[in-house]
Amino acid sequence: MYSNLRHFPSWAATVARFAWVLRRERAVLVHSNDLPSFQPAGYAARIGGIPALTHVRFPDAKSGFEWFLKPGFDRALFVSDSLRVDAVKEAPDLFTSRSDVVHDGVVVPPVMDEGDRRGLRDELGLPADGMIVVLAGQVAEVKGIWDYIEAARIVSEGRLPIQFAVLGDDLR
């Protein structure tokens, strides 16, 4: 809910305002994109008497799941089967009967022809031929950048002809 009594009045006002907007807009459902943002949304949904859903994008311990989901939830939507399986093992009372898997959507582009592939490699400063292991996406600890770097170090020790590249944005 909140971690500091000094902040409680503003936190409670935010939840009340959220509940007021839900009523005004005649919302029939509240969805939170991840557990850390669920509490205010969950409490506002309870006040409004409407269902609350949340995405679960990262693993946690049972105590962490319980803390984030204090307001109560109607459905947890996991982004992978393995994440859901692990969460059900960790907190079966929370997730066994109230969770589903909804994979994040990804539009897969058509396969590049050889000329486009070589042009893109050249533009990125990568060799025209050879194996490249790429980490593509948001560059952040939570996305596994340090695991990627450690894996690159280990693989590089094997003297295999592999290049490593990180393509993405750190949002700073």
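In this report, the structure presented in the accompanying data block is examined. Note that this is a predicted model, so its numbers are computed, not measured.

### Here's the deal with the overall build of the protein
- Helices and strands together make up the secondary structure of the protein, namely seven helices and six strands.
- Put simply, the protein runs from its N terminus to its C terminus through helices and strands in the order α-β-α-β-α-β-α-α-β-α-β-α-β.
- For 172 residues, the compact-globule estimate of 2.2 N^0.38 gives 16 Å, and the protein exceeds it by more than 25% at 22 Å.
- Taken over the C-alpha atoms alone, the protein extends approximately 60 × 35 × 35 Å along its principal axes.
- Here the protein holds 172 residues, and the buried ones make up 27% of them.
- In the protein, 47% of the contacts between residues at least 6 apart in sequence involve partners at least 24 apart.
- Accessible surface, the protein as shown: approximately 11500 Å² in total, 58% of it carbon and sulfur.
- The protein carries 20 positive and 23 negative side-chain charges, and their two centres are separated by 10 Å.

### Some details on the packing of helix H1 (residues 8-24) against helix H2 (residues 38-48)
- The N-to-C vectors of H1 and H2 enclose an angle of 55 degrees; their axes lie 8 Å apart at closest approach. Classified by the angle their axes make, H1 and H2 are oblique. Crossing hand, H1 versus H2: right-handed. In this structure, H1 contributes Trp11, Val15, Phe18, Ala19, Leu22 and Arg23 to the contact, and H2 contributes Pro40, Ala41, Tyr43, Ala44, Ala45 and Ile47.
- Here the contact of H1 with H2 is built from residues that sort into 11 nonpolar, no polar and one charged.

### Focus: the packing of aromatic side chains
- Summed over the entire model, instances satisfying the criterion amount to seven aromatic pairs.
- Ring geometry for Phe8 and Trp11: centres 6.4 Å apart, planes at 25 degrees, overall stacked. In this pair, Phe8 and Trp11 are both assigned in helix H1, three residues apart and thus about one turn of the helix distant.
- Accessibility expressed as a relative area gives 32% for Phe8, which makes it partly exposed.
- Overall, the relative accessible area of 18% leaves Trp11 in the buried class.
- Each member of the aromatic cluster is reached from another via a ring pair, and the members are Phe65, Phe73, Phe78 and Phe95.
- The lysine or arginine in question, Arg98, covers the ring of Phe73, its NZ or CZ lying 4.0 Å from the ring centre.

### Some thoughts on the sheet that holds strand E3 (residues 75-78)
- With parallel pairing, four strands are arranged side by side in an open sheet as E1-E2-E3-E4. Two strands bound the open sheet, and with one partner strand each, they are strand E1 (30-32) and strand E4 (99-101). When the angles between neighbouring strand axes are averaged without regard to direction, this sheet yields 20 degrees.
- In this sheet, strand E2 (residues 52-56) lies alongside E1 in parallel orientation, the contact comprising three bridges. Looking at E2, one finds that Ser32 is bridged to Thr54.
- Where helix H4 (residues 81-90) meets the sheet, it contacts E2, E3 and E4, and its direction lies at approximately 155 degrees from that of E4.

What counts and how
Residues numbered from 1 in each chain as written. Predicted model: local features only at pLDDT ≥ 70, side-chain atom pairs only at ≥ 80, totals over all residues. Heavy atoms only, no water. Helix = DSSP H or I, 4+ residues; strand = E, 2+ residues; numbered from the N terminus. Rg over C-alpha atoms; globule rule 2.2 N^0.38 Å. Buried < 20%, exposed > 50% of the residue type's maximum accessible area, 1.4 Å probe, protein only. Contact = heavy atoms within 4.5 Å. Areas by Shrake-Rupley, 256 points an atom, 1.4 Å probe, with all protein chains shown as cover. Lys, Arg positive; Asp, Glu negative; His and termini not counted. Charge placed at Lys NZ, Arg CZ, Asp CG, Glu CD. Axes fitted to C-alpha atoms, helices over the stretch in contact; angles between N-to-C directions. Parallel < 35°, antiparallel > 145°, perpendicular 65-115°, else oblique. Left-handed = near helix turned anticlockwise from the far one by under 90°. Nonpolar A, V, L, I, M, F, W, Y, C, P; charged D, E, K, R; others polar. Phe/Tyr/Trp six-rings, centres within 6.5 Å; stacked < 30°, edge-to-face > 60°. Lys NZ or Arg CZ within 6 Å of the ring centre and 35° of its normal. Pairing = 2+ DSSP bridges.

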